[in-house]
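Here is what each chain is made of, one letter per residue.
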Amino acid sequence: MGKLVIATRRSQLALWQSEYIKAELLKHYPNMEVELQEFTTKGDKILDVPLAKIGGKGLFTKELEVAMLEGSAHLAVHSLKDVPTQFEDGLVLAAVSKRFNPQDALLSNKYKTIEELPKGAVVGTTSLRRRMAIKMLRPDIELKDLRGNINTRIAKLNAGEYDAIILAATGIEKLHLQNEVKYFTPISTDVMIPSMGQATLGIETTNDSKIIEIVKVLNDKNAQIESTIERGFVDTLQGGCQVPIGVKATIQDEKSVKISAIVGLPDGTEYIKDEKVVDINSFESAGRDFANEFIKKGAVELLKRAEAMAFK
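Here the structure is a predicted model, which means the values were calculated and not measured.

Here is what the cut-offs are and how they apply
- Every chain's residues receive numbers from 1 upward, in the order its sequence appears when written.
- Whole-chain, interface and lining totals are the exception, using all residues; otherwise, since this is a predicted model, local features are given only for residues with pLDDT of at least 70 and side-chain atom pairs are given and counted only at 80 or more.
- As a convention, hydrogens and water are excluded, and side-chain values are obtained from all of the structure's heavy atoms.
- Under the DSSP-based scheme used, a helix requires at least four consecutive residues in state H or I and a strand at least two consecutive residues in state E, with every element numbered from the N terminus.
- Residue burial is assigned from relative accessible area. The probe radius is 1.4 Å, only protein chains are included, and a residue is buried under 20% of its type maximum, exposed over 50%, and partly exposed in between.
- N or O atoms within 3.5 Å of each other form a polar contact, as long as, within protein, one can give a hydrogen and the other can take it, and as long as residues adjacent in sequence are counted only when both atoms are side-chain atoms.
- Salt bridge, as applied in this entry: a Lys or Arg side-chain nitrogen positioned within 4 Å of an Asp or Glu carboxyl oxygen.
- DSSP bridges decide pairing: two strands pair if at least two such bridges lie between them.
- Under this scheme, a helix contributes an axis fitted over its contacting stretch, all axes are lines through C-alpha atoms, and angles between N-to-C directions fall in the 0 to 180 degree range.
- We call two residues in contact whenever any of their non-hydrogen atoms come within 4.5 Å of each other.

Visitor: So what exactly am I meant to see when it comes to the side chain of Ser 11 here?
Guide: Looking at the secondary structure, you find Ser 11 in the loop between β1 (3–9) and α1 (12–28). Given the relative accessible area of 17%, Ser 11 is considered buried. A distance of 3.1 Å separates a polar atom in the side chain of Ser 11 from the backbone nitrogen of Ala 14.

Visitor: Got a minute to help me understand the pattern of salt bridges in this structure?
Guide: Between side chains of opposite charge, a pair can form as their charged atoms come close. Inspection of every chain in the model, using the stated rule, returns 19 salt bridges. A salt bridge links Glu 226 to Arg 99, with the shortest nitrogen-to-oxygen separation between them at 3.1 Å. Of this pair, Glu 226 sits in helix α8 (residues 221–237) while Arg 99 is found in the loop between β4 (91–96) and β5 (104–108), placing the two residues 127 residues apart along the sequence. Both residues of the pair, Glu 226 and Arg 99, count as buried. What emerges from the salt-bridge pattern is a single network uniting Arg 99, Glu 226, Glu 230 and Lys 248.

Visitor: Which parts of the structure should I look at to understand the environment of Glu 70?
Guide: Along the chain, the position of Glu 70 falls in helix α3 (residues 62–70). Taking the C-alpha atoms as reference points, Glu 70 and Thr 206, 136 residues apart in sequence, are found 10.0 Å from one another.

Visitor: Explanation requested: the side chain of Thr 126 in the structure shown.
Guide: If you trace the backbone, Thr 126 turns up in the loop between β6 (122–124) and α4 (128–137). Here Thr 126 falls in the buried class, since its relative accessible area comes to 13%. There is a polar contact of 2.7 Å between the side chain of Thr 126 and the backbone nitrogen of Leu 146.

Visitor: Got a minute to help me understand the sheet that holds strand β12 (residues 256–264) in this structure?
Guide: Strands pair in a sheet through their backbones, by hydrogen bonds, and they do so in one of two ways: parallel or antiparallel. Read across the open sheet, the three strands follow the order β11-β12-β13; overall the sheet is antiparallel. The sheet is open, and its two edges are formed by β11 (245–251) and β13 (271–279), each paired on a single side. Recorded for the sheet is a direction-independent mean angle of 10° between the axes of neighbouring strands. Relative to β13, β12 is paired through nine bridges, and the arrangement is antiparallel. Across the sheet, Val 257 pairs through a bridge with Val 278, a residue of β13. Sheet contacts for α8: β11 and β12; angle to β11, the most-contacted strand, approximately 150°.

If you want it as structure tokens, here you go:
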């Protein structure tokens, strides 16, 4: 194949990610022409409403998927946490990249940690998962919606609209924005369990054997194992951006994987949290099995209540 077209969002982070995948492809196929085709997605356009209230699933992927299905692009690069667990007919998750830093991070010009925030401090995040985690730690904190790209969010913090904001650490690190604020403090994944696939890139393609064969060189086995577990957990619970779910699979050694997960209400008043170690050879079913344990503890009913709270 002489030319490969990558569909990408226009945000600075999305372009970084697509350029990264382009560079990785060219390492393996130096004679191939790889071109980026830029799109603005629904999630990029609607900035005044929390994602949970406008559907969550597919808001950052739909336009890219249409381009692939219509034949104007061959693959799309996504933050895997934004990729729904079910795909449109004709599309597949062909590869996942190595995982970057999966932590969330606190950004502030006054306070280094969540613990240092004064009573009633205003913290910016629209993520229901992050809201739940913060309220579990500090129910006194005031949460305020925060939308826009990374630069816009940091600009709002620097303008004094928030005492602190919570973002994915990997985006800040990829764009070297740590010095835009006084304090950039990654939060332990034990304290704030990440979203499924957080800090992993998902490469989506059409169900074309030639394209799948080309991009499979990008697949990272460890990231595939971890993300398969995490996506299986979320898919079984039928959750996404609309409900507070955190799940992190961590390969411990050649034989075992630790899974940590939490589901609950956005205000942190009720939650189910657990962890277990599983055989690495069971990774294809481990996430679903763990989710079924949560279901037995009442996770489905709890998430229905969480969704109702999110849509108020």
